[in-house]
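What the coordinates show
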Amino acid sequence: MQLYARVVTDEPTDKELDYSIPESCIGKVHVGSRVKVPLRSREILATVVALVDTPSVTEPKLISALVSDTPILNKSLLALARWMAEYYCCSVEAAIRSVLPQVIRKAELGFKQERIVSVNNEISEEGLQSFRAKAPRQAHVLQFAIAVAEPLQWRELQMRAATTDRTIQHLVDRGFLRVELETANRDPYANERFVPSTALELNSGQKQALEIVVQSVKAGDSRPILLHGITGSGKTEVYLQAIALCLSQGLSALVLVPEISLTPQTVEHFKMRFQADLIAVLHSHLSAGERHDEWHKLNSGRARVAIGARSAVFAPVQRLGLIVVDEEHETSYKQEEAPRYHARDLAVVRAQLDQCAILLGSATPSLESYQNAKTGKYRLVQLNSRVDDRQLPLIRVIDMRQEYLKQKHVPLISGSLANAIETRLAKKEQTILFLNRRGFATSLICNQCGFVCECPNCSVALTFHQGENRLKCHLCGHIALAPRKCPKCSDSSIRYAGYGTEKVESAVQKIFPSATVARMDADSMTRKDAYRTTLQAFRTGKIDVLVGTQMIAKGLDFPNVTLVGIINADVGLHMPDFRAGERTFQLLTQVAGRAGRGDMAGEVYVQSSTPFSPSIQFARHHNFEGFWEQEIDFRERCDYPPFLHLLMVHIRSEHQRRGEFTGETIHRRLSEKLDQGVTLHPVVPAPIERSKGYYRYQILLRTKSIRRLSKSVRSIIERLTFPDDVHVSVDVDPYQVL
Ligand code: ADP
Ligand code: ZN
């Protein structure tokens, strides 16, 4: 029996410290246990990462308390945390902080205890008789409880018998009623009923895909399977049946979905197919109590299917048989705060550690994953047709340059798109209009002096929101009143330039006054259930035209939608980001995929002023392979991923000079210390130079061996000290380059 525990404290250091285990706790402290330990003059929380025979110090201090009896970090999650720290350039402590949700780490919250009231059976009939005369109100409650004939929650009894706490308490004191404490599950879906669904008969493509996944599950083979299936090809059904197999083998499954598609619809699919309480759902809208309970449901093995967004890659699923990453190309899998991990990539590592199967699914795989499939690192499975051989929608590209020639301005909605909407309205079919930009106008510009209303904290223009008559910054949230006159020259010819979803909504309403138009974006969806009610209204046909941002781009399946309009395909295409083309192709394909999912064929109108750009043309012809070939060629020629790894050092400070100076210092040190095979680029201001009041600088590095680079960058930066007001962070495999 080992007498010493090696711990990582909840402090941002990477030292592993040894403590001795008090006699009373010997045998109870395991790897993964949470403990309290003395450090200098304080007591702090820590995680046990190893048990050792001989401590590294001569007189280790005693562990002061054991916080949780059962280890809450199993070996493979601990290994995942260590891998993450090394790869993503962060401390083990920071990695553990990502792995364990705060509510579990701090162990401040326990299970919810509920008071359950039942009737004490030993009451005599006579006792009851005389009681009625003495205390009629209590007798009424007692009679009610007897009639119900089963234990009730205290609150429920109080409400249903229309009585008070005091009356119930009197009955308890007199021994008529009994109270017991029971652990209650805080279930975020407690009030919902799920109609059971049964497995569908698979088509031959789905069968083949399933067969391959099943083989991997049975063999515990962690070689990733990339399921490239076009929109509407029935990928979800393959996931469901593969998970059913896992369950039948006594194994569990983990399903990752982008936060955006954690709609009630997705969760419903799973809760309907499997016993609802076998499923734990993890996402950012849970209360701390709900998160605590869902987490423990998994850790104890009571729940065996975990569904969640990014951070669910750390869900404490026991006996993993399969990990599914749906929409694996989604950039929301990348965490944009330290530690900046990518959940899909971590899922691939976790599958290796847990020796389980892993399935990555997408209609538009990322270049990285598709390249891995091409080189044989992943196994490629394709679904090339929609279920029931439904047609992919016909995509028309509207050349907005022609519209400009005709009308001398670029209209928001071209004549042909307006006609198409009109036809749908007449036929009672539905339309989705997509624009990846919120607000009414993207900027407020003075015609006289050219003044643009900019955010005081960020180097971007403020967006005008008509509904609230406010200017808002989409980076930092700054809000200002919209001026009537130019703040600089007082001219009143200030006008709105550009447009967002809010303006699209009002333009459509103007053209079609009798149509019901609704909008779905981060501004209109602030109420908790707005998302659900809007989708419900759309599903039941109460909305004719739904306008939205990427919130409506993915995963939605509405059979009556026969028209999708993309208002401006050029938004995002011409950003200074090497992934801009890939993102545009993915977005167009996904949005187009919302059309024609029922019995009626779908049509997509793509408005663009650069209709010749390859992302638009390949998307138009549903040609993933073609897009991939030209894009991968570009990446290879320009030394971008997946051929090389990128690493970005971010520097930000409220003081421009100090930020820049720090950047130069880091750059100098890097250039002295780095080995060959690393390309080091100069310090440059970020494309968005100022954000949230900080000046931003960045240093880009490229390499073939990222783990080596990551390690040396970390040790170089750790040895430097920076001014207090300068923040330095490292992003490995960055997605955000603006
Ligand atoms: P994807 O995720 O690939 O875009 P979905 O999984 O949403 O596609 O499937 C599209 C639709 O086809 C869903 O309504 C689903 O219920 C249905 N579906 C899937 N597989 C089958 C099948 N084998 N037979 C009949 N319908 C199916
Ligand atoms: Zn701002």
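Residues numbered from 1 in each chain as written. Chains lettered and ligands numbered in written order. Predicted model: local features only at pLDDT ≥ 70, side-chain atom pairs only at ≥ 80, totals over all residues. Heavy atoms only, no water.

**Comments concerning the sheet that holds strand E9 (residues 225-229)**
- Across the sheet, which stays open at both edges, the 7 strands sit in the order E11-E12-E10-E13-E14-E9-E15 with parallel pairing between neighbours. Lying at the two open borders of the sheet, with one neighbouring strand each, are strand E11 (279-282) and strand E15 (379-383). On average, adjacent strands in this sheet sit at an angle of 15° to one another, irrespective of strand direction.
- The pairing of strand E10 (residues 252-256) with strand E12 (residues 305-308) spans 4 bridges and is parallel. What sits directly across from Val255, in E12, is Ile307.
- Of the strands in this sheet, E9, E10, E12, strand E13 (320-326), strand E14 (357-362) and E15 touch helix H9 (residues 235-248), which is tilted by about 165° from E13.
- Along the sheet, helix H13 (residues 367-374) contacts E9, E14 and E15; its crossing angle with E9, the most-contacted strand, is approximately 115°. (Pairing = 2+ DSSP bridges. Helix = DSSP H or I, 4+ residues; strand = E, 2+ residues; numbered from the N terminus. Axes fitted to C-alpha atoms, helices over the stretch in contact; angles between N-to-C directions. Contact = heavy atoms within 4.5 Å.)

**A look at the layout of surface pockets**
- Its volume calculated, the second largest pocket comes out at about 1400 Å³.
- In terms of lining, the second largest pocket is formed by 46 residues, of which the most central are Thr236, Gln265, His269, Asp557 and Arg597.
- Within the residue set of the lining of the second largest pocket, elements represented by two or more residues are H9, helix H10 (264-273) and helix H17 (530-539).
- Per-element tally for the lining of the second largest pocket: the top contributor is H10, with 8 residues.
- Among the residues making up the lining of the second largest pocket, the classes are represented as 13 nonpolar, 18 polar and 15 charged. (1 Å grid on protein atoms, 1.4 Å probe; cavity = no way out; pocket = protein on both sides within 12 Å on 5 of 7 lines; lining within 4 Å. Points joined across faces, edges and corners; volume = space filled by probe spheres on them. Nonpolar A, V, L, I, M, F, W, Y, C, P; charged D, E, K, R; others polar.)

**Digging into the site of ligand 1**
- Neighbouring ligand 1 are 16 residues, the closest being Glu201, Gln206, Gly232, Lys235 and Thr236.
- Between ligand 1 and Lys235 there is a distance of 2.8 Å, counted from an oxygen atom to a side-chain nitrogen or oxygen.
- Between ligand 1 and Thr236, the relevant distance is 3.0 Å, taken from an oxygen atom to a side-chain nitrogen or oxygen of the residue.
- Burial of ligand 1 by the protein amounts to 73% of the accessible area it has alone, namely 560 Å².
- More than half of the atoms of ligand 1 fall within 2 Å of the grid points belonging to the second largest pocket. (Near = heavy atom within 4 Å. Polar contact = N/O pair within 3.5 Å; in protein donor to acceptor, adjacent residues only side chain to side chain. Areas by Shrake-Rupley, 256 points an atom, 1.4 Å probe, with all protein chains shown as cover. Sits in = over half its atoms within 2 Å of the grid points.)

**Focus: the pattern of salt bridges**
- Counted under the stated rule, the structure contains 34 salt bridges.
- With a closest N to O distance of 2.8 Å, Asp18 and Arg6 form a salt bridge. Of the two residues, Asp18 sits in strand E2 (residues 16-20) while Arg6 sits in strand E1 (residues 4-9), which places them 12 residues apart along the sequence.
- Here Arg6 falls in the partly exposed class, since its relative accessible area comes to 23%.
- Residues Asp577 and Arg583 are paired through a salt bridge, measuring 3.2 Å at the closest nitrogen-oxygen approach.
- Connected via shared salt-bridge partners are Lys334, Glu336, Arg340 and Asp731. (Salt bridge = Lys/Arg side-chain N within 4 Å of Asp/Glu carboxyl O. Buried < 20%, exposed > 50% of the residue type's maximum accessible area, 1.4 Å probe, protein only.)

**Observations regarding unusual backbone geometry**
- Between Ala338 and the following residue, Pro339, the backbone shows a cis peptide bond with an omega angle of -10°.
- Examined against the element boundaries, Pro339 turns out to sit in the loop between E13 and helix H12 (343-354).
- Cis peptide bonds are those with omega within 30 degrees of zero, and the linkage from Pro641 to Pro642 qualifies with 5°.
- The residue Pro642 is located in the loop between helix H20 (624-637) and strand E27 (645-653) in this model.
- The phi dihedral of Asp639 falls on the positive side, at around 55°, and the residue is not glycine.
- Tracing the backbone through its elements, the reader meets Asp639 in the loop between H20 and E27.
- Look at Asp733: it is not a glycine, yet its phi comes out positive at around 55°.

**Side note on the packing of aromatic side chains**
- Summed over all chains, the structure comprises 12 aromatic pairs.
- A ring pair is formed by Tyr87 and Tyr88, whose centres lie 4.8 Å apart and whose planes are at 70°; its orientation type is edge-to-face. With respect to burial, Tyr87 and Tyr88 carry one shared label: buried.
- With centroids separated by 6.5 Å and ring planes inclined at 70°, the aromatic side chains of Phe618 and Phe627 adopt a geometry described as edge-to-face.
- Note on Phe618: relative accessible area 22%, which makes it partly exposed.
- Residue classification places Phe627 among the buried residues on the basis of a relative accessible area of 1%.
- Grouping aromatic residues by their ring pairs yields a cluster made of Tyr370, Phe585, Phe618, Phe624, Phe627 and Trp628.
- A cation sits over an aromatic face here: Arg437 above Tyr499, 5.4 Å from the ring centre.
- The ring of Tyr735 carries Arg579 above its face, with NZ or CZ at 3.8 Å from the centroid. (Phe/Tyr/Trp six-rings, centres within 6.5 Å; stacked < 30°, edge-to-face > 60°. Lys NZ or Arg CZ within 6 Å of the ring centre and 35° of its normal.)

**Side note on the packing of helix H4 (residues 125-134) against helix H5 (residues 136-148)**
- Where H4 meets H5, the axes come as close as 6 Å, and the angle between the chain directions of the two elements is 135°. The angle between H4 and H5 falls in the class oblique. H4 and H5 meet at a crossing whose hand is left-handed. Across from Leu128, Phe131, Arg132, Ala133 and Lys134 in H4, the residues of H5 making contact are Pro136, Gln138, Ala139, Leu142, Gln143 and Ile146.
- In terms of residue class, the contact of H4 with H5 is built from 7 nonpolar, 2 polar and 2 charged. (Parallel < 35°, antiparallel > 145°, perpendicular 65-115°, else oblique. Left-handed = near helix turned anticlockwise from the far one by under 90°.)

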